[in-house]
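Report on the structure
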Amino acid sequence: MKCPKCDSTSYRKNGRDRGRQRYLCKSCGKQFIEPASVSNGAVVDESAMTPLPHSELSAIATFEKPSENGQLPLTNQIQLATNIATQLADILSVKQPITSQTSIADSPGLAILLLDAENLKLDIKTEQFLGSLSSYPLQIKIAFANWKNSAMGNQDNELHKRGYQLVHVPSGASNADGKMISLGASIFLRYPTAKEIFVCSCDSLLLHLCNELQSQGLTVYRVLRKDENLVVENYATGENKHYSPVVGAEIPDFEGLMSQLKNLIAQEKNNLTDRLADLATISTLFQSRCQITLNDRSSSAKNNNGGIAKIEAVTPPIVVVQTAVVNEEKPPQSAKKKSKKKNYLKGSINSAAELEQILLELLKSIETEGNEKNILVATLGESFSQVYGKSVTSQLKELSLGSKLTTFLKSCTAFDVTDLGSRSRVAIAQPLQSEQKNSKETKLEVNIDSPAELEQVLLDLLKLMVSKDREKKIFVGELGGAFYQAYGKSVTSLVKELGFGSKLTTFLKSCAAFKVTDSGAKSRVAIAQP
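Each value, and the rule that gives it
Residues numbered from 1 in each chain as written. Predicted model: local features only at pLDDT ≥ 70, side-chain atom pairs only at ≥ 80, totals over all residues. Heavy atoms only, no water. Axes fitted to C-alpha atoms, helices over the stretch in contact; angles between N-to-C directions. Helix = DSSP H or I, 4+ residues; strand = E, 2+ residues; numbered from the N terminus. Parallel < 35°, antiparallel > 145°, perpendicular 65-115°, else oblique. Contact = heavy atoms within 4.5 Å. Nonpolar A, V, L, I, M, F, W, Y, C, P; charged D, E, K, R; others polar. Phe/Tyr/Trp six-rings, centres within 6.5 Å; stacked < 30°, edge-to-face > 60°. Buried < 20%, exposed > 50% of the residue type's maximum accessible area, 1.4 Å probe, protein only. Lys, Arg positive; Asp, Glu negative; His and termini not counted. Salt bridge = Lys/Arg side-chain N within 4 Å of Asp/Glu carboxyl O. Pairing = 2+ DSSP bridges. Right-handed = clockwise from strand over helix to strand, strands pointing away. pLDDT = per-residue confidence, 0-100. Core = buried A, V, L, I, M, F, W, Y, C linked by side-chain atoms within 4.5 Å. Patch = residues over 30% accessible without salt bridge, like charges linked within 9 Å, V, L, I, M, F, W, Y side chains within 5 Å. Areas by Shrake-Rupley, 256 points an atom, 1.4 Å probe, with all protein chains shown as cover. Expected span 1.5 Å × (residues − 1).

Axis separation between helix α12 (residues 352-370) and helix α13 (residues 377-388) bottoms out at 10 Å; the angle between their running directions is 110°. One way to sum up the angle between α12 and α13 is to call them roughly perpendicular. Side by side, α12 and α13 meet where Leu355, Ile358, Leu359, Leu362, Leu363 and Ile366 of the first sit next to Thr379, Leu380, Ser383, Phe384, Val387 and Tyr388 of the second. For the contact of α12 with α13, the residue count by class is 10 nonpolar, two polar and no charged.

Shown next as structure tokens:
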């Protein structure tokens, strides 16, 4: 009697069940009941037994009898092994049972899936997608994880119901990867007909397993997670497939997307044609029943009361949808605007007056095109950059006029500025305002021959700027720009003539009427307290 599970003959008695002896296999732990033939005392007929072939008898009959210790002599052991090895094929051909079903080992080809369940989770749809990529049936599925870990939840039961073989590994980093590599590297020994294998893990350690399996002649698919999607890499062809578990469908490439769009458009076109045909049929039936013609506005039909009912057909316009083609050439109108703006470019800008005139022309052009009087200061700056190829801020710094376009526009008589921070607006000043500003500035036109006169002039300008902007501290560059507007010459050149170097900040520091905060290009000046 043998164990029905592992065919072992090592077992022991384990109680009785309904009068029959129960046994426990010592090898696999299987409990089984004593067969009825044995319990009833049935006798096996020796004549029905198949005799051993002559080759087996000849391999054993030539040996000497065992010695007293129960072992054959060494020469007989060697001869026995040699004879059995040469006659093993004949022995197996006689003893091998005949089965009606084909085993996995005899199948023409199969695919295997190795899953690191601690690193990657596959649902049924994803598994079906992987099976669709394989050329062979996906028959063997093995999952590796520490199933005692509470973080795995009920995943072991779900995978077991889906036909996975569960391999338990101890807790610890990369234990599942190590077991996966050791079992996967020798997978061909257990499944010699395996042709394709899916290695499902994001760990880079599994790259060695993929290379080993590919060297054994298997087609290897590496399944990785990328953001919320899965990427399937075919090591043989280098082709990648993308799959979205959220949508439950493959993510096509550009060519696949265009093919799907063409199919959808064709389907919609066919649907539209069918609907138009149905509409024409319904219209024909309606005209036949009511004896009217929808296309004739003068036709009439009798109503239920015997009167005349006029029917006017309203045919909806058919809109033909065509694919828009983008022309690389710009429209002629924009080309004209661009050429019109380029006419302002007459060379480099060497003075604040030239910059003021250029900005005025740009502002007039913007107001004409947009039909707006108040323009954003930022829009004026962008227009300057398009025409001259550099920012207006850099131009102001080159002319030592500060770094803010709004401040410069305030110092110019041709502009009317509404200071709203980043949303400041500018418009062309009215002639009355321009005359008032000119009248104020003409009062400052005097000859400057000494540092004291220059200090007084700059003090008057600073007081005027503080009263107008309501700011106590003014940028030194803005003060220099105001001086240039008033006297038509750079304050830096005047400072050089008076022997105070080439920096206005240095001269202001030497004056008792000013309080200077030195911050390089952003230095500020204020009126000193008495």
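Still to come is the rest of the account.
Turning our eyes to something else, we now look at the packing of aromatic side chains. Under the definition given, this model contains six aromatic pairs. Aromatic side chains Tyr11 and Tyr23 sit 5.2 Å apart centroid to centroid with 85° between the ring planes, which places their arrangement in the edge-to-face category. A residue pair is termed long-range when its members are at least 10 positions apart, and Tyr11 in strand β1 (residues 11-17) and Tyr23 in strand β2 (residues 20-25) qualify at 12 residues. You can call Tyr23 buried: its relative accessible area is 10%. Residues Phe198 and Tyr221 carry aromatic rings whose centres are separated by 4.6 Å and whose planes lie at 15° to one another, so their mutual orientation is stacked.

Right, let's talk about the side chain of Asp177 for a bit. Note that Asp177 resides in helix α7 (residues 175-185). We note that Asp177 is buried and unpaired, the nearest opposite charge coming from Arg222 at a distance of 8.3 Å. Setting aside chain neighbours within four positions, we find Asp177 in contact with Asp116, Ser201, Asp203, Leu205 and Leu206.

In this section: the pattern of salt bridges. With the rule as written, the count across this model stands at six salt bridges. With a closest N to O distance of 2.6 Å, Glu127 and Lys141 form a salt bridge. A residue pair is termed long-range when its members are at least 10 positions apart, and Glu127 in helix α5 (residues 124-133) and Lys141 in strand β5 (residues 138-145) qualify at 14 residues. For the pair Glu127 and Lys141, a shared accessibility class is recorded, and that class is buried. Where Glu239 meets Lys241, a salt bridge forms, and the shortest distance between an N and an O atom there is 3.2 Å.

On to the pairing of strand β7 (residues 194-200), then. Here β7 lies mainly inside the structure; six of its seven residues are buried. Bridge analysis of β7 against strand β8 (residues 219-226) gives five bridges, and the strand direction is parallel. Following the sheet pairing, Ile197 is matched in β8 by Val220. At this point the chain moves from β7, through helix α9 (residues 207-215), to the parallel β8, and the crossover so formed is right-handed.

In this section: the confidence of the model for the chain. Regions with low pLDDT carry predicted coordinates that are not meant to be interpreted in detail. Looking at the chain, pLDDT values average 75 and 72% of them are 70 or higher. In the model, residues 39-64 has pLDDT below 50 throughout and makes 21 contacts with residues more than four positions away in sequence or in other chains. The low-confidence segment residues 91-102 (pLDDT under 50) makes five contacts with residues lying over four places distant or belonging to another chain.

What follows concerns unusual backbone geometry. Of note, the phi angle at Asp7 is positive, near 60°, even though the residue is not glycine. Of the residues examined, Asp7 reaches a relative accessible area of 52% and is grouped as exposed. Non-glycine residue Asp227 carries a positive phi angle of around 60°. Summarising the element assignment, Asp227 is placed in the loop between β8 and β9 (229-234). Classification of Asp227 as exposed rests on a relative accessible area of 68%.

Before going further, it helps to spend a moment on the sheet that holds strand β4 (residues 110-116). Strand order across the open sheet formed by eight strands is β6-β5-β4-β7-β8-β9-β10-β11, with mixed pairing between neighbours. Every interior strand has two partners, whereas the edge strands, β6 (165-168) and β11 (249-251), have only one. Strand-to-strand, the axes of this sheet are offset by a mean angle of 25°, without reference to chain direction. When strand β10 (residues 240-244) meets β11, the two strands line up antiparallel, connected through three bridges. Looking across to β11, one finds that Tyr243 is bridged to Glu250.

This paragraph deals with the nonpolar core. Most often, soluble globular proteins have nonpolar side chains that are buried together. In terms of nonpolar packing, the biggest core is built from 27 residues, with Leu355, Leu359, Phe384, Leu409 and Phe415 touching the most fellow members. Here this core takes eight residues from α12, the largest share from any one element. Residues contacting Leu355, with those up to four places away along its chain left out, are Ile349, Phe384, Gln395, Leu396, Leu399, Leu401 and Phe408. Counting 26 residues, the second-largest nonpolar core is a separate cluster that includes Val457, Leu458, Val476 and Ala513.

On the surface, a cluster of nonpolar side chains totalling about 600 Å² of accessible area is made up of Phe254, Leu257, Met258, Leu261, Leu264 and Ile265. As for its position among the elements, Leu257 is in helix α10 (residues 254-290).

For α10, built from 37 residues, the straight-helix expectation of 54 Å at 1.5 Å per residue is met to within 8% by its first-to-last C-alpha distance of 53 Å. Downstream of α10 by one or two residues, Gln291 has phi in the positive range, about 55°.

All right, on to the environment of Val231 then. Structurally, the position occupied by Val231 is in strand β9. Here Val231 falls in the buried class, since its relative accessible area comes to 8%. Sequence separation of Val231 and Tyr243 is 12 residues, and the distance between their C-alpha atoms is 6.5 Å. When residues no more than four places from it in sequence are discounted, the contact partners of Val231 are Arg222, Val223, Leu224, Lys226, Asn240, Lys241 and His242.

Further remarks concern the sheet that holds strand β3 (residues 31-33). Strand order in the open sheet made by the three strands is β1-β2-β3, with antiparallel pairing throughout. Both edges of this open sheet fall to β1 and β3, since each of them pairs with a single strand only. Between one strand axis and the next, the sheet turns through 35° on average, direction left out of account. Pairing between β2 and β3: three bridges, direction antiparallel. Its bridge partner lying in β3, Leu24 is registered against Gln31.

Moving on, we come to the packing of α7 against α9. Interaxial distance between α7 and α9 falls to 10 Å at its minimum, and their mutual angle equals 5°. Our classification of the angle between α7 and α9 gives roughly parallel. Contacts from Met180, Ile181, Gly184 and Ala185 of α7 reach α9 at Leu209, Glu212 and Leu213.

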